[in-house]
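Remarks on the overall topology
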Amino acid sequence: MTASAWIAGREATGEAAIAAIAARLSACANPLIAGLVTDIAGAEAAHDLAQTLGAVLDHRESGPLLADLDVMRGGGWLVTTPLEARAMADCVVLVGATPPDFPLASPPFAPGRARSVFRLTGEDLALRLGRLRATLTGRRVSVPAELTAIAQALQAARYAVICWSAGELPPLAIEMLCQIIEDLNATTRCFGLPMPPPGNAAGVAQALAWKSGFPTRIGFARGRAEHDPWRFDAARMIAAEETDGVLWIGDGAPAVPAGMFLAVLAPERAAAAHAEIVIPTAAPGLNTDAIMFDPMIGALRFQRASAPQSGLSPPAVILEAIAALCARGGMPC
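Throughout, residues of each chain are indexed from 1 in the direction in which the sequence is written. Per-residue local features of the predicted model are confined to residues with pLDDT of at least 70, and side-chain atom pairs are confined, for both listing and counting, to 80 or more; whole-chain, interface and lining totals are unaffected and use all residues. Each side-chain value is derived from all of the structure's non-hydrogen atoms; neither hydrogens nor water enter the calculation.

Considering the overall build of the protein
Starting at the N terminus, helices and strands are each numbered in turn, a helix being any DSSP run of H or I of at least four residues and a strand any DSSP run of E of at least two. If you tally the helices and strands in the protein, you get ten helices and 15 strands. Overall, the C-alpha framework of the protein stretches about 70 × 40 × 30 Å when taken along its three principal axes. For every residue, the accessible area (1.4 Å probe, protein chains only) is compared with the maximum for its type, and the residue is labelled buried under 20%, exposed over 50%, or partly exposed between those bounds. The buried share among the 333 residues of the protein stands at 51%. In this analysis, two residues are considered to be in contact whenever any of their non-hydrogen atoms come within 4.5 Å of each other. Considering only residue pairs separated by 6 or more positions, the protein has 62% of its internal contacts joining residues 24 or more positions apart. Of the roughly 14700 Å² that the protein leaves accessible, carbon and sulfur atoms contribute 56%. Under the counting rule used here, the positive set is Lys and Arg, the negative set is Asp and Glu, and His together with the chain ends is not counted. By convention, the charge on Lys lies at NZ, on Arg at CZ, on Asp at CG and on Glu at CD. Where the 25 positive side-chain charges of the protein centre and where its 31 negative ones centre are 6 Å apart. Using a 1.4 Å probe, accessible areas were evaluated by the Shrake-Rupley method; residue-level cover was limited to the displayed protein chains.

The structure is reproduced here in structure tokens:
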């Protein structure tokens, strides 16, 4: 399990902290399990605990995650994988400052083609994307030379890729990017490459989807999984005091109103010193072996611990122990 924990600022055993969390969450009218910065096993254990408690589940990065998913669900999109993009793309447009640099080398599967890479950044990205689309569709608009060059390169490419991060773009800009891609596919090939948010958000969303049918922002209060991006927004629920108890997994634990219970499972205790109960955990993929989403290959991947640390359990083990106590009424036998 874990060697030590903190309850109300005092050191306690890990078992005592787990029992205290189970008792407090079992007594909550509308518990919330959030943060969810964990591996696949942790996401599955959090789901099972939420189902036992009738709680709400939300990931720290649900905002950008759902912004991408909403566009996909609303209008569809054409996307590729990171590996195929590196192997095939002869033109790459990086939208925003977040997407990592792309290699300039010729595509390995098309060595006869040179690769051009562009980056669009700035506060007026949505406006410039609109002008880019207008240019690509033949409308007479005044655009800077930078956008003209990108438009010409996209139209001349045999396999173009547009990469973006939803954390930097409003939903309408993401929708416009997908429409640009659709327009280009009338005459050539072009695909999107959305960058997943940090904190294993994409991996957690996949785990929750195969457990419940929904990606994140899920509630179990009515005995079944329900998905509502607004109602089950953890930040909104805390601000509106619609929850009376929060179990936060990972760093970035929020401050909560007075009287609201907060427990944190995180690798660094200092980052959660304001919580009533803190249990230090191993960091999945760093201190323990884990399965997580790898943005470089666009899929789940086994990650062996790079810095193994004994004496600390991963979040999944602690969540399973809390769930077992909650199933018995919140008290240890």
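Having seen it, we continue.
Topic: the pattern of salt bridges
Two side chains bearing opposite charge may form a pair once their charged atoms approach each other closely. In the sections that follow, a salt bridge refers to a side-chain nitrogen of Lys or Arg positioned within 4 Å of a carboxyl oxygen of Asp or Glu. Considering all chains together, one arrives at 18 salt bridges under this definition. Among the salt bridges present, the one from E276 reaches R24, with a minimum N-O distance of 2.5 Å. Of this pair, E276 sits in the loop between β12 (261-266) and β13 (277-280) while R24 sits in helix α1 (residues 14-27), and the two are 252 residues apart along the sequence. Take E276: its relative accessible area is 31%, and that puts it in the partly exposed class. E242 is the partner of R236 in a salt bridge, and the nearest nitrogen-oxygen pair spans 2.7 Å. According to the relative accessible area criterion, R236 is buried, its value standing at 16%. Overlapping salt bridges bring together D58, R217 and D233 as one network.

What to know about helix α8 (residues 201-212)
Expected span, for any helix, means 1.5 Å times one less than how many residues it has. In a regular helix each residue adds 1.5 Å, so twelve residues correspond to 16 Å; α8 covers 16 Å between its end C-alpha atoms and thus fits that length. Those residues of α8 lying buried are A201, A202, G203, V204, A205, A207, L208 and S212. Packing partners of the buried residues in α8 comprise α2 (40-53), β4 (56-59), α3 (62-75), β9 (218-219), β14 (290-294) and β15 (299-303).

Quick look at the packing of helix α5 (residues 125-136) against helix α6 (residues 145-156)
The angle between two axes is taken between their N-to-C directions and runs from 0 to 180 degrees, where each axis is a line fitted to C-alpha atoms and a helix contributes only its stretch in contact. Interhelical geometry of α5 versus α6 gives an angle of 50° and a closest axis separation of 10 Å. Of the possible angle classes, the one that applies to α5 and α6 is oblique. In terms of crossing hand, the pair formed by α5 and α6 is right-handed. Across the interface between the two elements, R128, R131, L132, T135 and L136 from α5 touch E146, L147, I150, A151, L154 and Q155 from α6. Grouping the amino acids of the contact of α5 with α6 by side-chain chemistry returns six nonpolar, two polar and three charged. Angles below 35 degrees are treated as roughly parallel, those above 145 as roughly antiparallel, those between 65 and 115 as roughly perpendicular, and all remaining angles as oblique. Each crossing is labelled by how the near helix is turned from the far one, with a counterclockwise turn of less than a right angle marking it left-handed and a clockwise turn marking it right-handed. Residue polarity is assigned by list, with Asp, Glu, Lys and Arg as charged and Ala, Val, Leu, Ile, Met, Phe, Trp, Tyr, Cys and Pro as nonpolar; anything else, Gly included, falls into the polar class.

Some points on the layout of surface pockets
Each pocket or cavity is described by its volume, and for the largest pocket that value is around 480 Å³. Space inside and on the surface of the protein is sampled on a 1 Å grid over the protein atoms alone, with a cavity defined as a set of points where a 1.4 Å probe fits but cannot get out and a pocket as an open set with protein on both sides within 12 Å along at least 5 of 7 lines; lining residues have an atom within 4 Å of a point. If you go around the largest pocket, you meet 22 residues; those closest to its centre are W77, P194, A202, Q206 and F293. At the level of secondary structure, the elements contributing two or more residues to the lining of the largest pocket comprise α3, β8 (190-195) and α8. In terms of residue class, the lining of the largest pocket is built from 17 nonpolar, four polar and one charged. Grid points are joined across faces, edges and corners, and a volume is the space filled by probe spheres set on the points.

Observations regarding the sheet that holds strand β2 (residues 10-12)
Strands were regarded as paired on the criterion that DSSP finds at least two bridges between them. Pairing is mixed across the open sheet formed by nine strands, whose spatial order is β2-β1-β13-β12-β11-β3-β4-β9-β10. Each edge of the open sheet carries a strand with a single partner, namely β2 and β10 (226-227). In this sheet, strand β11 (residues 245-249) lies alongside strand β3 (residues 31-35) in parallel orientation, the contact comprising four bridges. Among the inter-strand pairings, L32 is bridged to a residue of β11, identified as V246.

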